[in-house]
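Listed here are the chains, written in short residue letters.
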Amino acid sequence: MSFLARMTRRLTLLGEAMRRSGAIDGPKGLNFEREYRRATIACLSCKQGEACQSFLDETEGSKIIPPFCPNRRAFERMQHP
């Protein structure tokens, strides 16, 4: 898989996790942008990509994000800055 394909896949996972957590609908502003940048870097650096994809596929339609996700707290902060 090419570098760009891997990055696109990871950003898709990040978007789904944010949607599930409600972070994507949170108030926007400087804090949101800062948290989003951090979350993006954490997601791109995470070693659990395959497990994340499997978890999200298996729990499709739910609001659950992977318990091992390094961005769980960031998503909470994005909802309530």
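The sections below set out a description of the structure shown in this document. (Residues numbered from 1 in each chain as written. Predicted model: local features only at pLDDT ≥ 70, side-chain atom pairs only at ≥ 80, totals over all residues. Heavy atoms only, no water.)

### Quick look at helix α4 (residues 72-79)
Listed in full, the buried residues belonging to α4 are A74, F75 and M78. Down the axis of α4, the buried set is contained in an arc of 100 degrees. They therefore lie on one face. Opposite the packed face of α4, turned more than 90 degrees from it, sit the exposed residues R73 and E76. The inward-facing, buried residues of α4 abut α1 (3-21) and α2 (30-45). (Buried < 20%, exposed > 50% of the residue type's maximum accessible area, 1.4 Å probe, protein only. Helix = DSSP H or I, 4+ residues; strand = E, 2+ residues; numbered from the N terminus. Arc of directions from axis to C-beta. Contact = heavy atoms within 4.5 Å.)

### A word on the pattern of salt bridges
All told, the structure shown has 5 salt bridges when counted by the stated rule. One salt bridge in this structure joins E50 and R9, with 3.4 Å as the shortest N-O distance. With E50 in helix α3 (residues 49-58) and R9 in helix α1, this pair connects stretches of sequence that are 41 residues apart. Among the residues examined, E50 registers a relative accessible area of 56% and is labelled exposed. For R9, a relative accessible area of 23% corresponds to the partly exposed category. (Salt bridge = Lys/Arg side-chain N within 4 Å of Asp/Glu carboxyl O.)

That is the geometry; function is a separate question.
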